[in-house]
Protein chains: 2
Amino acid sequence: MNKSSKLHMKTDEFKKQGYKVIDWLADYYEHVEEYPVLSQVEPGDIRSKLPEKAPNTGRAHDEILNDMNILMPGITHWQSPNFHAFFPCATSGPAILGDLISTGLGVNGMSWATSPACTELETHILDWLVDMMDLPVKFKSNSKGGGVIQDTASSASLVALLCSREKASNGRTNENGSNGDFIAYTSSQAHSSIEKAVKIAGIGKNNMRMVDVDQNFSMDSSHLRQLIEKDISNGLKPIFVCATVGTTSSTAIDPVNEIGKICKEFGIWLHVDAAMAGPAALCKEYRFINDGLNYADSYNFNPHKWMLTSFDCSIFYVADRSQLINTMSILPEYLKNKTSTSESVFDLRDWGIPLGRRFRALKLWHVINYYGVSGLQEFIRTHMENTKILRSWIEMEKDFEIVTPTPLTLICFRHTKGNNFTEKLLNTINESGKAYMTHTKLNDQYIIRFSVGQTSTTIDHLKETWNYIVKTSKGMIEA
Amino acid sequence: MNKSSKLHMKTDEFKKQGYKVIDWLADYYEHVEEYPVLSQVEPGDIRSKLPEKAPNTGRAHDEILNDMNILMPGITHWQSPNFHAFFPCATSGPAILGDLISTGLGVNGMSWATSPACTELETHILDWLVDMMDLPVKFKSNSKGGGVIQDTASSASLVALLCSREKASNGRTNENGSNGDFIAYTSSQAHSSIEKAVKIAGIGKNNMRMVDVDQNFSMDSSHLRQLIEKDISNGLKPIFVCATVGTTSSTAIDPVNEIGKICKEFGIWLHVDAAMAGPAALCKEYRFINDGLNYADSYNFNPHKWMLTSFDCSIFYVADRSQLINTMSILPEYLKNKTSTSESVFDLRDWGIPLGRRFRALKLWHVINYYGVSGLQEFIRTHMENTKILRSWIEMEKDFEIVTPTPLTLICFRHTKGNNFTEKLLNTINESGKAYMTHTKLNDQYIIRFSVGQTSTTIDHLKETWNYIVKTSKGMIEA
């Protein structure tokens, strides 16, 4: 927007149209549960309604806002209380407004100097979170470690792997390239982004070991040890273990304490991926998810999943920030400034892959201050308690079978009529638009994942969805 | 926000506070040029004003909005008309509002199914842009290629390099890791993110050749050929050339046509980085920046720099999308759905590094529709013309010397009194808060980079800043 030019949106128009967008969003949230949760369009439906060419003359903002009517049928409603697919992306009013300020300010926090508040607020809040969640103090900025916001857990895992690679090679891979004898380890249940990171970093998928899991889908640490010892005896160099606290398939929790002891013994970088589970540690009673973090070289969890913060916001801690900076740092002349070679500030571009950085700390600032620690705890506890109730309902239905423990808010279940029936049931529910769940496979069984965690999901929503699942499955049997 | 729970922001409160944030931003833009452009705080100043612990009880949103008073002294004002540092991050009213809708909807466009409109709008707009900028049609989705929004040019370069690596090794690096004989090439003036990408991908800095530049700081293609031939004769494998159209130091333009012929001859992946320059091609008279793109395997430019779109929004095209997808794709069970193994849709998570994706196409939709092609052209032309005028003023001052051509909107100049004086002059201007410029070094000369391109910068702003620079330098000489 602009005070003078005819070309740009005037301040008055920005206000008027801004109010309209706010109203539009408020209305959206009032009615979000009336939409089919999973978009019901076919491939190409949305594009076929869009003009073939960009307009030569600009259009009124009212018209552009009206275009949302074309797009809305192609939206899958992640903010619906009946969204139980994948993991949640639970956002909130204060997060949306905090992010709006960030977008409006339009600063790029690549260096401390390019907006000191952007860097300092980020560091400050990430220090807060260490206290709020009782994480190891080594992750705080007044120790040797520190925290930074990444876009996603995928990037956090990649950065952790790169740190391990450079630590193991004393910086020589950055200089000379990979030498092919580095080995990374994670469980067969780990997130696909670990494999992607291993490929990106030039380690190679064949140098990644998929550690066996136990009957609860948690990493078998004795198998990890066997694999490490075998690799060492073959002249290979174990450099990286990714333990998962809350796997994507079933929220299985790896025994980080045992894994950490092995990593320490062999001098291996331990990254702990708690993308979904992490925020549970806001509540004392769920701090079992922090077990073993004292061994972690790096740790990741996502406030954009289960801490009311708009995507993207993924927290990444390292125990030794010099490892991170040595791995990622680049300092060309045009980025140098009075503080860039001093020890007094962090230049967060050296803490991740992209150079440019949004002011993402602002949305976290809004969320933590608006809810307070007690409000965030209530949010987590409500979901945990509602999940227990939902689980008890599923247990009572003899046609359904829960197949894994439920340490957090994901329930994995199947219909006793088997894989095909369960798959058909899930598709029928999703196509009804009443709820959206996704699936996984565990021991060759097709499993429905019912993930609780959206901002506005209440026990009534869960009851209604569960009743609909039962009714649908009975209808399918009778048909 | 929420209809029922006491915990969450009610819809009415969201509206009320949303209006306040819109008003706050409108007021910010009305007064943005009154702030010191470069933040004047010292390291730690902002943190020292923040509470040591997160609040236990939530605070009113009004109070949180007031916290901006603490943060504002720590903001460097990228949206000030007197911001001439680095390259611009020019945003606009429609971009801010488009992004607000995206944040509010809170969808994750990782797969087509998780919000078909998110994927289809992105593909559609990127096809529009090919036409708008007269780019090679091979980049359109109805050919073998396609486009995707990345966060930054750093990520785009990395993804391009990974594609080249996998193409050259027929996918074997993803499988087995790097083998150390791959070589990447770019000019000594290329962006630091190329070196960073080479490190991340396990190629190694020592396997990156810095090609010489000519007197205009453009890549010397005959030196590129020499380096390639020498590497081949040494048994090494050239895989990747990054040509830059508009380098960061001086917006030098590499001879892409000549470079492209060499790449074609030797079967090397050509990536063209036009992060800043790309939008100039919206105007027919500046389409010389597209020369040679017919040879490019991948191409990148940033609407978040010079096309009125809020950060982050970096456009990445490939000529053969199968190369990209083969390089980046991962498909675990929990991400499979009815369309995920079909050819009918794009799952854009396989076109970049992070799994999760914001609905970034919405802000571009707002910008292109609000301004229209003719409005965007006017925006570019105004900056180009104003830059010419500014250059003529600098040329008229005998104490100053322009050291490079000005093909776009960056003017590189120095004071005739030399490096120390020029550096002191720049620091004095920046510390005054009246304008913010950054520097580079070219042939061991300390150079002030005056970058034109912010949304609201007019010829009057340029005049005032230039007069202040002249006055300050004269004052320094007299002192």
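Novice: An account of the interface of chain B and chain A is requested, with residue identities and associated values reported.
Specialist: How big an interface is tends to be stated in terms of accessible area lost as the parts join. In this complex, chain B contributes 131 residues to the contact, which on the side of chain A involves 131 residues. The biggest single contributor to the side of chain B that touches chain A is helix α1 (residues 11–31) of chain B, with 14 residues. Within the side of chain B that touches chain A, the residues separate by chemical class into 54 nonpolar, 56 polar and 21 charged.

Novice: Give a description of the sheet that holds strand β12 (residues 445–451) of chain A that names residues and reports values.
Specialist: Residue and element names in this part refer to chain A. With mixed pairing, the five strands of this open sheet are ordered in space as β1-β11-β12-β10-β9. At either margin of the open sheet sits one strand with a lone partner, and together these are β1 (83–84) and β9 (400–402). Relative to strand β11 (residues 436–442), β1 runs parallel, the two sharing two bridges. Bridged to H84 within β11 is M437. Across the sheet, helix α13 (residues 361–396) touches β9 and β10 (410–415), and the angle it forms with β10 is around 10°.

Novice: So what's going on with the relation of the copies chain B and chain A? Residues and values would help.
Specialist: Overlaying chain B on chain A yields an RMSD of 0.0 Å, the required transformation being a rotation through 180° with an accompanying axial translation of 0.0 Å. The transformation just described matches what one would write down for a two-fold rotation axis. Comparing interface residues between copies, 100% of those in chain B also sit at the interface in chain A, which points to an isologous, same-surface contact.

Novice: I'd love a proper account of unusual backbone geometry, names of residues and values included.
Specialist: At the junction of A:F311 and A:D312, the peptide bond is cis and its omega measures out at 5° in the coordinates. Residue B:F217 is not a glycine yet carries a positive backbone phi of 70°. Its location among the elements puts B:F217 in the loop between β4 (208–211) and α9 (221–233). Residues other than glycine seldom take positive phi values, yet B:N443 does so here, at roughly 50°. Looking at the element boundaries, B:N443 is found in the loop between β11 (436–442) and β12 (445–451).

Novice: Provide a residue-level description of the environment of B:I232, including the pertinent values.
Specialist: All names here are of chain B. Among the secondary structure elements, I232 is positioned in helix α9. Assessed through the 13 C-beta atoms surrounding it within 10 Å, I232 is described here as partly exposed. For I232 and F266, which are 34 residues apart along the polypeptide, the C-alpha to C-alpha distance reads 9.7 Å.

Novice: Can you explain the sheet that holds strand β8 (residues 314–318) of chain B? Please cite residues and give values.
Specialist: Residue and element names in this part refer to chain B. Spatially, seven strands are ordered β2-β8-β7-β6-β5-β3-β4 in an open sheet, and the strand pairing comes out mixed. Either end of the sheet is taken by a strand with one partner, and the two such strands are β2 (146–150) and β4. Neighbour-to-neighbour, the strand axes of the sheet open up by a mean angle of 20°, direction not taken into account. As judged from the five bridges shared by strand β5 (residues 237–244) and strand β6 (residues 269–273), these two strands associate in the parallel manner. Its bridge partner lying in β6, V241 is registered against L270. Against the sheet, helix α5 (residues 116–132) touches β2 and β8, its axis set at about 110° to β2.

Novice: Can you lay out the environment of A:T455 for me, pointing to particular residues and giving the numbers?
Specialist: Residue and element names in this part refer to chain A. Tracing the backbone through its elements, the reader meets T455 in the loop between β12 and α15 (459–478). Given 26 C-beta atoms within a 10 Å radius, T455 is considered buried. As a C-alpha pair, T455 and M307 span 148 residues in sequence and 8.9 Å in three-dimensional space.

Novice: So what's going on with the domain arrangement of chain A? Which residues, and what values?
Specialist: Residues and elements named next belong to chain A. Structurally, chain A comprises domain 1 (11–90), domain 2 (107–358) and domain 3 (374–478). The gap between the C-alpha centroids of domain 1 and domain 3 is 28 Å. Between domain 1 and domain 3, the residue contacts involve 16 residues of the former and 18 residues of the latter. Of the residues belonging to the side of domain 1 that touches domain 3, the class tally is 10 nonpolar, six polar and no charged.

Novice: Quick one: what's the story with the pairing of strand β3 (residues 182–187) of chain B, residue by residue and with numbers?
Specialist: Residue and element names in this part refer to chain B. Counting buried residues along β3, six of its six residues qualify, which places the element largely inside the surrounding structure. Burial along β3 is two-sided: F182, A184 and T186 facing one way and I183, Y185 and S187 facing the other are all buried. As paired elements, β3 and β5 share five bridges and run parallel to each other. If you follow A184 over to β5, its bridge partner there is F240. Handedness of the β3-helix α8 (residues 192–200)-β4 crossover: right-handed.

Rules behind the numbers
Residues numbered from 1 in each chain as written. Chains lettered and ligands numbered in written order. Predicted model: local features only at pLDDT ≥ 70, side-chain atom pairs only at ≥ 80, totals over all residues. Contact = placed C-beta atoms within 7 Å. Helix = DSSP H or I, 4+ residues; strand = E, 2+ residues; numbered from the N terminus. Nonpolar A, V, L, I, M, F, W, Y, C, P; charged D, E, K, R; others polar. Pairing = 2+ DSSP bridges. Axes fitted to C-alpha atoms, helices over the stretch in contact; angles between N-to-C directions. Least-squares fit on C-alpha atoms with pLDDT ≥ 70 in both. Buried ≥ 20, exposed ≤ 12 C-beta atoms within 10 Å, placed from the backbone. Domains from an automatic or database assignment. Right-handed = clockwise from strand over helix to strand, strands pointing away.

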